[in-house]
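Observations on the three-dimensional arrangement
Single-letter residue listing:
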Amino acid sequence: MGIAEGDFDKPKIAIINSSSGLSVCYQHLDEMSEIAQKAVREAGGLPFEINTIAPSDFVTSAGKKARYIMPSRDLMVNDIEVMVEGAVLDGMLMLTSCDKTTPAHLMAAARLNIPSIVVPCGYQLGGHCGAKSVDIEEVYKGVGSVLTGKLTLNDLKDWTRCAIKGPGVCAGLATANSMHCMAEALGMALPNTTPIRAAGDQLKEVIKKAGAQLLTLIEKDIRPRDILTVAQFGNAVRVAVSTGCSVNTIRHLTAVSVEAELDLDVVALFEETANHFPQLTLIRPNGPHRIEEFDKAGGTHGVLRQLREKLNTDVLTVTGKTLGEILESSEVEIDENYIRPFENPFRKEPGLMIIRGNVAPNGAIVKLSAVEGAHRRFEGQAKVYEDEDVALKKLGQGEIKAGDIVILRMMGPVGGPGTVFACSFMAALAGAGLVDTVSVVTDGELSGLNKGITIGQVMPEAAVGGPLAIVKDGDTIVIDLNERYIDVQLPQEEYENRLKNWKIKERNLPNNWLKFYAQNVMPLERGAVFGKRD
């Protein structure tokens with residue numbers, strides 16, 4: 001292998017690299033891995049590149065209605081465990097990118113509990129198509145515009161040729177950038193490094209620093225579970241709510257807490273936090289500001305600074321310093337045009353919110369930052385679909401109209417099997433101009449790019465007998481975001497009878513990865529990690 005015997009006693013470091021030629025999210029990671037390996041060598045370590053699967057929410061979602069996307073997160077965690085723990089390596093430098101990569105890396109760090117640093121590897125920029133500014137969010141919404149005849153397919157193709165300029169994750173505060181920010185808010189990424197541009201010298205310098213710092217963590221024996229405490233999760237949730245992060249941060253933070261073996265109800269923590277924390281940023285799709293503007297304004301570090309008096313600053317970070325020490329010595333200038341002080345927020349309400357009710361007794365998630373201000377109570381007749389393609393077809397035929405409440409179910413981890421990417425319908429609604437007048441309720445997975453009256457991650461999911469399974473076409477659903485509930489209007493006796501008599505349809509699942517996932521995945525309330533279901 002060309003390793004000198006003098007290197008045998010050096011700390012053996014895994015450079016976790018999920019590079020792939022399939023997706024622009026990962027195209028720069030091989031170069032970043034070389035930089036990381038060199039940094040580790042110069043710091044006195046012996047690096048070993050560990051390649052993993054590389055799921056992309058836009059590419060790997062093409063097959064099986066995106067059922068492979070959510071299960072890929074946990075496949076990656078186990079992939080890392082096999083390679084790192086099996087080889088008894090001493091630490092991990094984790095080059096992270098698309099939506100499922102960051103939570104998988106955080107979960108693996110929590111599970112293996114060896115010194116680790118997560119390095120978010122940055123966002124892409126959009127471009128221009130004529131005079132129009134176009135990024136992946138615009139392309140996403142454009143699907144619905146084509147479906148309803150408001151945009152030609154050729155126009156959409158032109159947008160796709162302009163929407164991505166260089167490597168990195170989706171522009172905007174979708175799941176990938178949200179989870180990058182969460183890595184820093186959890187103390188597992190170096191300070192003032194999220195969000196960060198994927199192309200350029202800044203990311204390279206961050207990787208060099210991370211490589212050197214990892215050897216310091218090994219020397220001082222600072223491990224992920226020293227950092228990933230209950231107090232640290234409290235801080236991260238406050239940042240997520242105040243920033244208006246993706247709805248998917250809830251399931252992913254829950255999964256990380258489970259892997260860290262914490263006694264923590266992350267859903268309840270989000271629920272409580274929403275009572276006290278306003279929204280300090282308006283980053284797309286929550287408002288007009290772009291991710292690069294958030295970056296220049298101070299990013300996650302800026303939000304932490306603005307929330308300083310509301311955080312537990314005694315928590316440890318991968319710097320070996322406490323959050324308080326980092327914030328005390330910070331010289332970052334915060335642009336309050338993009339990151340407001342706590343006392344003067346953009347919106348007094350939270351960016352993320354949990355609602356409950358007889359449709360979602362264990363909770364459901366609303367990205368309140370993506371809901372127009374006037375829409376706080378919604379009542380309508382249910383239109384139930386267990387196949388997103390059917391719902392899209394009905395939308396294109398004009399059969400879904402303003403005032404409807406669309407139920408997309410049997411799309412959770414068990415129901416899919418493998419969580420179905422239900423967000424294409426939301427994008428189509430936006431393109432059809434109905435995003436503010438049609439509500440969507442689903443147990444499937446949503447994108448951080450979704451806008452409108454969307455109730456996501458309904459718990460329990462329909463496939464395990466959650467009440468979403470008993471809703472019928474024509475039932476009246478009431479969603480009240482002020483009172484934070486979602487109910488189906490049924491007499492209690494009929495509601496209970498429907499629940500008692502409901503049975504999942506018999507399924508003959510092929511003997512593949514998705515079947516294994518469905519048989520072993522825990523509820524969304526437990527982060528949809530592997531384990532024994534009740």
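This text gives an overview of the structure that appears in the document. (Residues numbered from 1 in each chain as written. Predicted model: local features only at pLDDT ≥ 70, side-chain atom pairs only at ≥ 80, totals over all residues. Heavy atoms only, no water.)

**Considerations on the overall build of the protein**
Heads up, the condition is: Counting from the N terminus, the helices are the DSSP runs of H or I reaching at least four residues and the strands are the DSSP runs of E reaching at least two. This radius of gyration counts C-alpha atoms alone. The globule rule is 2.2 Å times how many residues there are, raised to the power 0.38. To sort residues, take the accessible area from a 1.4 Å probe on protein chains only and compare it with the maximum for the residue type: under 20% means buried, over 50% means exposed, and anything in between is partly exposed. When checking whether two residues touch, look at their non-hydrogen atoms; a contact exists if any pair is within 4.5 Å.
Scanning the protein from terminus to terminus reveals 18 helices and 14 strands. Over its C-alpha atoms the protein spans a radius of gyration of 22 Å, differing by no more than 12% from the 24 Å that the globule rule assigns to 534 residues. C-alpha atoms of the protein, sized along the principal axes, occupy 75 × 50 × 45 Å. Considering the protein as a whole, with its 534 residues, one finds that 60% of them fall into the buried category. Taking contacts inside the protein between residues at least 6 apart in sequence as the whole, the part at least 24 apart equals 76%.

**Details of the sheet that holds strand β2 (residues 46-51)**
Strands belonging to one sheet form pairs held by backbone hydrogen bonds; the direction of such a pair is parallel or antiparallel. In plain terms, the rule: The criterion for strand pairing is that DSSP finds at least two bridges linking the strands in question. Angles shown run from 0 to 180 degrees and are taken between the N-to-C directions of axes, each axis being a line fitted to C-alpha atoms and, for helices, limited to the stretch in contact.
Strand order in the open sheet made by the four strands is β2-β1-β3-β4, with parallel pairing throughout. Looking along the sheet, the strands with just one partner apiece sit at the ends: β2 and β4 (116-120). Strand after strand, the sheet turns through a mean of 20° between neighbouring axes, direction not considered. On the sheet, helix α7 (residues 201-220) packs against β1 (12-17), β3 (91-96) and β4 and is oriented at approximately 170° with respect to β4.

**What about the packing of aromatic side chains?**
This is how the line gets drawn: A pair of Phe, Tyr and Trp rings is counted when the ring centres sit within 6.5 Å of each other, with Trp represented by its six-membered ring. The angle between the planes then sorts it: under 30 degrees is stacked, over 60 is edge-to-face, the rest tilted.
Counted under the stated rule, the structure contains seven aromatic pairs. Look at Trp-513 and Tyr-517: their rings are 6.5 Å apart centre to centre, the planes differ by 50°, and that puts the pair in the tilted class. Of this pair, Trp-513 and Tyr-517 both sit in helix α18 (residues 513-520), four residues apart, which is roughly one turn of the helix. Using a relative accessible area of 0% as the deciding quantity, one classes Tyr-517 as buried. When the ring of Trp-513 is compared with that of Phe-530, the centres are 5.9 Å apart and the planes differ by 80°; the resulting orientation is edge-to-face.

**What to know about the packing of helix α2 (residues 69-86) against helix α10 (residues 248-259)**
Spelled out, the test is: Roughly parallel here means an angle under 35 degrees, roughly antiparallel means over 145, roughly perpendicular means 65 to 115, and every remaining angle is called oblique. The handedness criterion is simple: a crossing whose near helix is rotated anticlockwise from the far helix by less than a right angle is left-handed, and one whose near helix is rotated clockwise is right-handed. Under the grouping applied here, Gly and all other residues not named as nonpolar or charged are polar, the nonpolar ones being Ala, Val, Leu, Ile, Met, Phe, Trp, Tyr, Cys and Pro and the charged ones Asp, Glu, Lys and Arg.
In the contact formed by α2 and α10, the axes pass within 13 Å of each other and the chain directions differ by 25°. Between α2 and α10, the angle is such that the two are roughly parallel. Crossing handedness for the pair α2 and α10: right-handed. In this structure, α2 uses Met-70, Arg-73 and Val-77 to contact α10, whose residues at the interface are Arg-251, His-252, Ala-255 and Glu-259. A breakdown of the residues in the contact of α2 with α10 according to their chemical character gives three nonpolar, one polar and three charged.

**Things to note about the packing of α2 against helix α3 (residues 101-112)**
Two elements in contact, α2 and α3, have axes separated by 8 Å at closest approach and are oriented at 45°. In terms of their interaxial angle, α2 and α3 are classed as oblique. Relative to α3, the crossing made by α2 is right-handed. Judged by residue contacts, Arg-73, Asp-74, Met-76, Val-77, Asn-78, Ile-80, Glu-81, Val-84 and Glu-85 of α2 engage Thr-101, Pro-103, Ala-104, His-105, Met-107, Ala-108, Arg-111 and Leu-112 from α3. Among the residues forming the contact of α2 with α3, the class breakdown is nine nonpolar, three polar and five charged.

**Details of the environment of Thr-175**
For the record, the criterion: Within 3.5 Å is the distance limit for a polar contact, defined as a pair of N or O atoms, with the added protein rule that one can donate a hydrogen and the other accept it, and that residues adjacent in sequence qualify only through two side-chain atoms.
Examined against the element boundaries, Thr-175 turns out to sit in helix α6 (residues 175-185). Sequence spacing of Thr-175 and Asp-99 is 76 residues, and the spatial spacing of their C-alpha atoms is 5.4 Å. A polar side-chain atom of Thr-175 sits 2.8 Å from a polar atom in the side chain of Ser-246. In terms of polar contacts, Thr-175 uses its side chain to reach the side chain of Asn-248, at 3.0 Å.

**Examining the nonpolar core**
Going by this rule: What makes a nonpolar core is a set of buried Ala, Val, Leu, Ile, Met, Phe, Trp, Tyr and Cys residues whose side-chain atoms join them at distances within 4.5 Å.
One finds Met-92, Val-119, Phe-270, Phe-425 and Ile-455 to be the most contacted residues of the largest nonpolar core, which totals 159 residues. Beyond its immediate chain neighbours, meaning those up to four positions away, Val-119 contacts Leu-93, Met-94, Leu-95, Thr-96, Leu-203, Val-206, Ile-207 and Ala-210. With eight residues, the next largest nonpolar core counts Val-134, Val-139, Leu-156 and Trp-159 among its residues.

**A word on the side chain of Ser-178**
Relative to the helices and strands, Ser-178 is located in helix α6. With sequence-adjacent residues up to four places away left out, Ser-178 is seen in contact with Leu-173, Cys-245, Ser-246 and Thr-249.

**Considerations on the pairing of strand β14 (residues 485-488)**
Strand residues, when the strand is regular, have side chains that alternate between the two faces of the sheet. Only one face of β14 is covered, namely the face carrying Ile-486 and Val-488; the face carrying Tyr-485 and Asp-487 is uncovered. Alignment of strand β13 (residues 476-480) against β14, held across four bridges, turns out to be antiparallel. Bridging across to β14, Asp-480 finds its partner in Tyr-485. The antiparallel pairing of β13 with β14 creates a hairpin that spans four residues between the two strands, and Arg-484 there sits at a positive phi of about 65°.

**Focus: the pairing of β1**
So the rule is basically this: Assignment of crossover handedness uses the view with strands pointing away from the viewer, where a clockwise path from the first strand over the helix to the second indicates a right-handed crossover.
With five of its six residues buried, β1 lies for the most part within the structure. Taken together, the six bridges between β1 and β2 define a ladder with parallel strand orientation. Within β2, the residue paired with Ile-16 across the bridge is Ile-50. Crossover β1 to β2 through helix α1 (residues 29-42) is right-handed.

**Quick look at the environment of Lys-64**
Position of Lys-64 relative to the elements: it lies in the loop between β2 and α2. Residue Lys-64 is classed as partly exposed on the basis of its relative accessible area, which comes to 47%. The spatial distance from the C-alpha of Lys-64 to the C-alpha of Val-420 is 8.4 Å, given a sequence separation of 356 residues.

**Things to note about the state of the cysteines**
We count it as follows: Only a pair of cysteine sulfur atoms within 2.5 Å qualifies as a disulfide here.
Using the criterion set out here, one finds zero disulfides in the structure. The thiol sulfur of Cys-98 is not disulfide-bonded, and the nearest other cysteine sulfur, from Cys-25, lies at 3.7 Å. For Cys-98, a relative accessible area of 2% corresponds to the buried category. We note that Cys-162 lacks a disulfide partner, and the nearest cysteine sulfur, in Cys-129, lies 3.9 Å from it.

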